[in-house]
Amino acid sequence: MQTYLDFEKGLAEIEGKAEDLRTLARRNAEMNVTDEAAALDRKADSLLDDLYRNLDPWRKTLVARHPDRPHCKDYIEALFTEWTPLAGDRNFADDHAIMGGLARLDGRSVVVIGHEKGNDTRSRIARNFGMARPEGYRKAIRLMDLADRFGLPVVTLVDTPGAYPGKGAEERGQAEAIARCTEKCLQIGVPLVSVIIGEGGSGGAVAFATADRIAMLEHSIYSVISPEGCASILWKDAEKMREAAEALRLTAQDLLNLGIIDRVIPEPRGGAQRDKAEAIARVGTAIGEILAELDGVKRGELRKARRKKFLDMGQKSLVA
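Residues numbered from 1 in each chain as written. Predicted model: local features only at pLDDT ≥ 70, side-chain atom pairs only at ≥ 80, totals over all residues. Heavy atoms only, no water.

**Q** I'd like a description of the overall build of the chain, backed by residues and values.
**A** Helices and strands together make up the secondary structure of the chain, namely 14 helices and 8 strands. For 320 residues, the compact-globule estimate of 2.2 N^0.38 gives 20 Å, and the C-alpha radius of gyration of the chain, at 21 Å, lies within 12% of that figure. Reported as C-alpha extents along the three principal axes, the dimensions of the chain are approximately 70 × 50 × 40 Å. By sequence separation, contacts in the chain at least 24 residues apart represent 72% of the contacts at least 6 residues apart. Carbon and sulfur atoms make up 51% of the accessible area of the chain, which totals about 15500 Å². Charge-centre separation for the chain: the mean point of 48 positive side chains lies 5 Å from the mean point of 50 negative side chains. (Helix = DSSP H or I, 4+ residues; strand = E, 2+ residues; numbered from the N terminus. Rg over C-alpha atoms; globule rule 2.2 N^0.38 Å. Contact = heavy atoms within 4.5 Å. Areas by Shrake-Rupley, 256 points an atom, 1.4 Å probe, with all protein chains shown as cover. Lys, Arg positive; Asp, Glu negative; His and termini not counted. Charge placed at Lys NZ, Arg CZ, Asp CG, Glu CD.)

**Q** Residue-level account of helix α14 (residues 299–311), with values.
**A** With 13 residues, α14 should reach 18 Å at 1.5 Å per residue; the first-to-last C-alpha distance of 19 Å fits that figure. Buried within α14 are the following residues: Leu302, Arg306 and Lys309. An end-on view of α14 places all buried positions within 60° of arc, on one side of the element. Turned more than 90 degrees off the buried face of α14, the exposed positions are Lys304, Arg307, Lys308 and Leu311. In this structure, the buried residues of α14 make contact with α8 (174–187), β5 (192–201), β6 (213–217) and α13 (276–294). (Expected span 1.5 Å × (residues − 1). Buried < 20%, exposed > 50% of the residue type's maximum accessible area, 1.4 Å probe, protein only. Arc of directions from axis to C-beta.)

**Q** Pulling in residues and values, what's your account of the environment of Arg122?
**A** For Arg122, the location among the structural elements is in helix α5 (residues 121–126). C-alpha of Arg122 to C-alpha of Asn28: the two residues are 94 residues apart in sequence and 40 Å apart in space.

**Q** Any details on empty space enclosed by the protein? Residues and values, ideally.
**A** The full count for this structure, using the stated rule, is 1 cavity of 30 Å³ or more. In this structure, the largest cavity occupies an estimated 60 Å³ of space. Lining the largest cavity are Thr160, Pro161, Glu199, Gly200, Gly201, Ile221, Tyr222, Ser223, Ile225, Ser226 and Pro227. The residue inventory of the lining of the largest cavity, partitioned by class, reads 5 nonpolar, 5 polar and 1 charged. (1 Å grid on protein atoms, 1.4 Å probe; cavity = no way out; pocket = protein on both sides within 12 Å on 5 of 7 lines; lining within 4 Å. Points joined across faces, edges and corners; volume = space filled by probe spheres on them. Nonpolar A, V, L, I, M, F, W, Y, C, P; charged D, E, K, R; others polar.)

This is the structure in structure tokens:
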């Protein structure tokens, strides 16, 4: 069943009326509603195009958080073969917010690491809504070390509101674990490709996205803080999240212009949530193309270019 966002209420009404007509027709074979339903479909298509043609930053934030968007598990199941999950940080526990393991992408052996939010109440609680604890980042460090040792490219799929801020996580060294994970991204001598598939929140995202190439889905977001958190700090009012979203420049389009990311992956009409298979296929194509670009680059050159990429950030600006 399609989930509609607040700004899609008009679309929901039109598509609901079209479905009601078709339901009546299925119950009564003598009814012919083909023309009426087709007219409503055309109206819905036009409205969908209008809504998604120029989404403002806050609406993009809502789309990036859409519960029906494909998550890390969906990408792994659809794009990768011979998936072998690896668990635990060899120190404290296995963090279920982080998926990681060995797999093949178009026959190429890779290490895949990503945030998994879950898709229903039970799995979201089990996955801690994609918010990793220190052991999740330490697991990622272990897997990147493994990839570096065996010369395997690393693919990270980022989708998190941010690292988990709980007391236990802080006691076990959350900040240190994020910093070590970011450091490890800079140290490995194999290609590292990161795709932001939903939310790229704070240091919890940077720890996986300090990569040779960073791609973002068209309606994903990437920011040092959530709009609500920013509004609470700056204006002491979380309801000013729309102004904060505008100021943060968190959209894929702004970040491409700023030189923070390298590629925007177009989403299907109406967002990834309306055609998961197509969205996943486009991400798979982009990852394959990026890995091909990095083929043959020597270890030292990869590390040097990656480091320079992040040292050079901040030199571009946007005209407000």
